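Listed here are the chains, written in short residue letters.
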Amino acid sequence: MGTLRILGRVTSINVRKVQWTADLIGIGYEVEIWGMPNRDPKVPEFLALNPNAQVPVIVDEGFVLWESNAIMRYLADTRRSGLWPVAAEERALVDQWLTWQVSELNAQWGYAVYALLRKNPAFTDAARIAESIGKWSAKMRILEAQLVKGGGFAANGRLSIADIALVLSSHRWFSTPFDHPDLPAVREHYERLKATEEGRKYLGEGTP
Ligand SMILES: N[C@@H](CCC(=O)N[C@@H](CS)C(=O)NCC(=O)O)C(=O)O
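Residues numbered from 1 in each chain as written. Predicted model: local features only at pLDDT ≥ 70, side-chain atom pairs only at ≥ 80, totals over all residues.

1. A closer look at the overall build of the protein chain
Rules: Only runs of H or I of at least four residues qualify as helices and only runs of E of at least two qualify as strands under DSSP, and these elements are numbered from the N terminus. For this measure, only C-alpha atoms enter the radius of gyration; the expected value for a globule follows 2.2 Å times N^0.38, where N is the number of residues. Around each residue's C-beta, the other C-beta atoms within 10 Å are counted; 20 or more make the residue buried, 12 or fewer make it exposed, and counts in between make it partly exposed. All C-beta atoms are placed from the backbone.
Within the protein chain, the regular secondary structure consists of 9 helices and 4 strands. Mapped in sequence order, the helices and strands of the protein chain form the string β-α-β-α-β-β-α-α-α-α-α-α-α. Against the compact-globule benchmark of 17 Å for 208 residues, the protein chain has a radius of gyration of 17 Å, which places it among compact chains. Viewed in the frame of its principal axes, the protein chain has a C-alpha envelope of about 50 × 40 × 25 Å. Across the 208 residues of the protein chain, 34% fall into the buried class.

Now the structure itself:
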């Protein structure tokens, strides 16, 4: 079997999802650095792989795939990893939280992250910052309730790729400076996964 290629940069939250999953499963891979400011993906060579000009992309024995959560599912599925359950209902619950992470949770933080974490001068509208924090906090409260109900995991009472995706979102939450509401189960989930080998690598300093 040829070596899995991961195209991206570790400073990307979405690339870290893929590398964390591959590391945990024990898949060997090589990273080809793409993405700004390292290497502009808006060139024909990269666009032929992903027309969105975004990382991550994987190439697995000639098979090309983009969208980080789809890549996580594919890696955990093809390598028969317990991170992606086989039973339909269990699998669907993991899928539900993966879909929620990208479509509901991550959709809220944009303005607040550009303003407070990236300190982008184009994002200074106080009302919009407050609105973004309010909507983001509401979604994080949903995660808090689920982690309490789910015994500290996103689904099925055990670790899955949904936890990896969600803890990277929690990392962004805790890295963005504002007065955070107290969410003890989110904090515990974050600290527990951060204490693992992969957590130290992908939730450490310099990985916003
Ligand atoms: N929905 C996509 C989003 C990918 C995405 O937003 N990637 C960003 C980095 S996190 C990117 O490629 N930005 C352009 C660049 O790095 O040049 C996924 O989950 O894979």
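Okay, back to it.
2. Observations regarding the domain arrangement of the protein chain
Note the threshold: For the domain bounds, the source is a domain assignment made automatically or taken from a database. We call two residues in contact if the C-beta atoms placed from their backbones are at most 7 Å apart. Side-chain classes follow a simple rule in which Ala, Val, Leu, Ile, Met, Phe, Trp, Tyr, Cys and Pro form the nonpolar group, Asp, Glu, Lys and Arg form the charged group, and the remainder, Gly included, forms the polar group.
On domain assignment, one finds that the protein chain holds domain 1 (4–78) and domain 2 (88–201). The centre of domain 1, based on its C-alpha atoms, is set 21 Å off from the matching centre of domain 2. Opposite the 11 residues of domain 1 that make contact, domain 2 presents 8 residues. When contributions to the side of domain 1 that touches domain 2 are tallied by element, the ones reaching two or more residues are α1 (13–25) and α3 (68–78). At 7 residues, the largest contribution of residues to the side of domain 1 that touches domain 2 is made by α1. Its residues assigned to classes, the side of domain 1 that touches domain 2 shows 5 nonpolar, 2 polar and 4 charged.

3. With respect to the sheet that holds strand β4 (residues 63–66)
Rules: Pairing between two strands requires that DSSP report at least two bridges joining them. All axes are obtained by fitting lines to C-alpha atoms, using only the stretch in contact for helices, and the reported angles, taken between N-to-C directions, cover 0 to 180 degrees.
Judged by pairing direction, the sheet is mixed, and its 4 strands sit side by side in the order β2-β1-β3-β4 without closing on themselves. Edge positions in the sheet fall to β2 (29–33) and β4, since each of these pairs with one other strand and no more. Taking the axes of each pair of neighbouring strands and ignoring which way they run, one obtains an average angle of 20° across the sheet. The pairing of strand β3 (residues 57–60) with β4 spans 4 bridges and is classified as antiparallel.

4. As for α3
Of all the positions in α3, only Ser-68, Asn-69, Ile-71, Met-72, Arg-73, Leu-75 and Ala-76 are classed as buried. Those residues of α3 hidden inside the fold are in contact with α1, β3, β4, α4 (88–105) and α7 (161–175). Positioned one or two residues after α3, Arg-80 has a phi angle of 50°, which is positive.

5. Structural notes on the packing of α4 against α7
Under the convention used in this document: Here the word oblique covers every angle except those under 35 degrees (roughly parallel), over 145 (roughly antiparallel) and from 65 to 115 (roughly perpendicular). Two helices cross in a left-handed way if the nearer one is turned anticlockwise from the farther one by less than a right angle. They cross in a right-handed way if the turn is clockwise.
Two elements in contact, α4 and α7, have axes separated by 8 Å at closest approach and are oriented at 25°. Considering the angle they form, α4 stands roughly parallel to α7. The interaxial crossing formed by α4 with α7 has left-handed handedness. Residue-level contacts link Val-94, Trp-97, Leu-98, Gln-101 and Leu-105 of α4 to Ile-161, Ala-162, Ala-165, Leu-166 and Ser-169 of α7. Its residues assigned to classes, the contact of α4 with α7 comprises 8 nonpolar, 2 polar and no charged.

6. As for helix α8 (residues 184–194)
Rules: The arc in question is traced by the directions running from the helix axis to the C-beta atoms.
Looking at α8, one finds that the buried residues are Val-186, His-189, Tyr-190 and Leu-193. Along α8, the residues classed as buried sweep out an arc of 95° about the axis, all on the same side. Buried-residue contacts for α8 involve α6 (126–149), α7 and α9 (197–202).

7. Some words on the nonpolar core
Note the cut-off: By convention the nonpolar core is taken to be a set of buried residues drawn from Ala, Val, Leu, Ile, Met, Phe, Trp, Tyr and Cys and joined through C-beta atoms within 7 Å.
One finds Met-72, Ile-161, Ala-162 and Ala-165 to be the most contacted residues of the largest nonpolar core, which totals 46 residues. Residue contributions to this core peak at 8 residues, all from α7. Two domains each provide a minimum of three residues to this core, namely domain 1 (4–78) and domain 2 (88–201). Among residues more than four places away in sequence, those in contact with Ala-165 are Lys-17, Asn-69, Met-72, Leu-98 and Gln-101.

8. Structural notes on the environment of Leu-49
Its place among the elements puts Leu-49 in the loop between α2 (44–47) and β3. Taking the C-alpha atoms as reference, Leu-49 lies 8.2 Å from Trp-66; in sequence the two are 17 residues apart.

9. Some words on the pairing of strand β1 (residues 4–8)
The pairing of β1 with β2 spans 5 bridges and is classified as parallel. Paired with Leu-4 across the bridge in β2 is Tyr-29. Where β1 and β3 come together, 3 bridges link them in antiparallel fashion. Opposite Ile-6, over in β3, you have Ile-58 as the bridge partner.

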